[in-house]
Amino acid sequence: MQQRKSTFGRPTGTDGSDFSYRMVVESRYQRVAEGKSRFSKLIFVQAIIQIIGALYAVLRTSWEGGPNRIAISSTAVCLISLFIGDLGRRRSRANLLRFYMVASSIALIVSIYCVAKDNLTLQVIQDLSNWERHKFELLEISHAILGFSIQIFSVCTAVSLIQNMSPPKKAS
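What counts and what doesn't
- The residue count restarts for each chain, going from 1 along the sequence in the order it is written.
- In view of the model being predicted, local features appear only for residues whose pLDDT reaches at least 70, and side-chain atom pairs are presented and counted only at 80 or more, with totals across whole chains, interfaces and linings using the full set of residues.
- Computation of side-chain values: all heavy atoms of the structure, hydrogens and water removed.
- Going along the chain from the N terminus, every DSSP run of H or I of four or more residues is numbered as a helix, and every run of E of two or more is numbered as a strand.
- Each residue is placed in one exposure class: buried if its accessible area under a 1.4 Å probe, protein chains only, is under 20% of its type's maximum, exposed if it is over 50%, and partly exposed if it falls in between.
- Here a residue-residue contact requires only that any non-hydrogen atoms of the pair lie within 4.5 Å.
- What sets the accessible areas is the Shrake-Rupley method with a 1.4 Å probe; for residues, cover comes only from the shown protein chains.
- To estimate the expected span of a helix, subtract one from its residue number and multiply by 1.5 Å.
- UniProt positions are given in the numbering used here, feature names are shortened, and annotations may be inferred rather than shown by experiment.
- Only the stretch in contact is used when a helix axis is fitted, and all axes are lines through C-alpha atoms; the angle between N-to-C directions ranges over 0 to 180 degrees.
- Should an angle fall under 35 degrees it is taken as roughly parallel, and over 145 as roughly antiparallel, whereas 65 to 115 is taken as roughly perpendicular and any remaining angle as oblique.
- The hand of a helix crossing depends on one turn: near helix anticlockwise from the far one by less than a right angle means left-handed, and clockwise means right-handed.
- Think of it as three bins: nonpolar holds Ala, Val, Leu, Ile, Met, Phe, Trp, Tyr, Cys and Pro, charged holds Asp, Glu, Lys and Arg, and polar takes everything else, Gly as well.
- Any two of the Phe, Tyr and Trp rings considered here, Trp counted by its six-membered ring, make a pair once their centres fall within 6.5 Å; the pair's planes then place it as stacked at under 30 degrees, edge-to-face at over 60, or tilted in between.
- As used here, the term nonpolar core means buried Ala, Val, Leu, Ile, Met, Phe, Trp, Tyr and Cys residues forming a set that is joined through side-chain atoms within 4.5 Å.

Looking at the overall build of the protein
Here's step 1: Broken down by element type, the protein carries 5 helices and 0 strands.
Here's step 2: Put simply, the protein runs from its N terminus to its C terminus through helices and strands in the order α-α-α-α-α.
Here's step 3: Per-residue burial for the protein yields a buried fraction of 32% across its 172 residues.
Here's step 4: Taking as baseline every contact in the protein between residues at least 6 positions apart, the subset at least 24 positions apart corresponds to 72%.
Here's step 5: Surface summary for the protein: the accessible area is close to 12,100 Å², and the carbon and sulfur share equals 62%.

What to know about helix α3 (residues 94-116)
Here's step 1: Compared with an ideal rise of 1.5 Å per residue, which puts 23 residues at 33 Å, α3 spans 33 Å between its outermost C-alpha atoms and is within 8% of the ideal.
Here's step 2: Taken together, the buried positions of α3 are L97, Y100, M101, A103, S104, A107, L108, S111, C114 and V115.

Concerning the UniProt feature "transmembrane region" (unreviewed entry) in the protein
Here's step 1: Cross-referencing UniProt, the feature "transmembrane region" (unreviewed entry) maps to residues 39-58, 70-87, 99-116 and 141-162 in the present numbering.
Here's step 2: Across residues 141-162, helical content stands at 100% and strand content at 0%; the span's end C-alpha atoms are separated by 31 Å.

Some points on the packing of α3 against helix α5 (residues 135-165)
Here's step 1: Two elements in contact, α3 and α5, have axes separated by 10 Å at closest approach and are oriented at 165°. Put simply, α3 runs roughly antiparallel to α5. Crossing hand, α3 versus α5: left-handed.
Here's step 2: Taken together, the residues of the contact of α3 with α5 sort by class into 16 nonpolar, 5 polar and 2 charged.

Points about the packing of aromatic side chains
Here's step 1: One pass over the structure, following the stated rule, counts 1 aromatic pair.
Here's step 2: Taken together, a centroid distance of 5.3 Å and an interplanar angle of 85° make the contact between F39 and Y100 edge-to-face. Residue F39 is located in helix α1 (residues 27-64), and its partner Y100 is located in helix α3; the two are separated by 61 residues in the primary sequence. You'll find F39 and Y100 in the same group, each marked buried.

A look at the side chain of N164
Here's step 1: Within the element layout of this structure, N164 appears in helix α5.
Here's step 2: According to the relative accessible area criterion, N164 is buried, its value standing at 11%.
Here's step 3: The contact partners of N164, leaving out residues within four places of it in the chain, are R28, R31 and V32.

A word on the nonpolar core
Here's step 1: If you look at the biggest cluster of nonpolar residues, it comprises 10 residues: V32, F39, I43, L82, L97, Y100, M101, A158, L161 and I162.
Here's step 2: For this core, the secondary-structure elements that each account for two or more residues are α1, α3 and α5.
Here's step 3: Those residues in contact with V32 that sit more than four places away from it in its chain are L161, N164 and M165.

Re the environment of Q30
Here's step 1: Tracing the chain through its elements places Q30 in helix α1.
Here's step 2: Once the C-alpha coordinates of Q30 and N164 are considered, the two residues, 134 residues apart in sequence, prove to be 9.3 Å apart.

Right, dumping it as structure tokens:
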């Protein structure tokens, strides 16, 4: 067969009937590519959310006098797990993606615990009439809710990636 040139159209010797001999990309590889793209965007959004949370934790320490070490360490663990998750996405490593899912979920649960442990948080949610006085607590609550919702999407995407990256099981 001749090489395809744009001026000649179809190369001589091919009439389109050789389609059965051409390679076809399996659909799971296409799903992996789409999942990696979606996962990359979710990791970026999670990183932005965690950086905002870290800034809030640092600013809150200046107001209250002492650092909230649990919240800061939770944010650090989540940022490290995001780095590992992105590394797992780039290299198609299922073990790194599993570590990302566990570590970031634990960090998020600790972060939600830090928000929920204050009785003030519950009071702010129940009585929104004084929202201006407690606007930073509302920011912290919305940060936790947004982080939780993005975490659900990213864990579902990571599970889908892991399933599509693994070789298919052969029937016995």
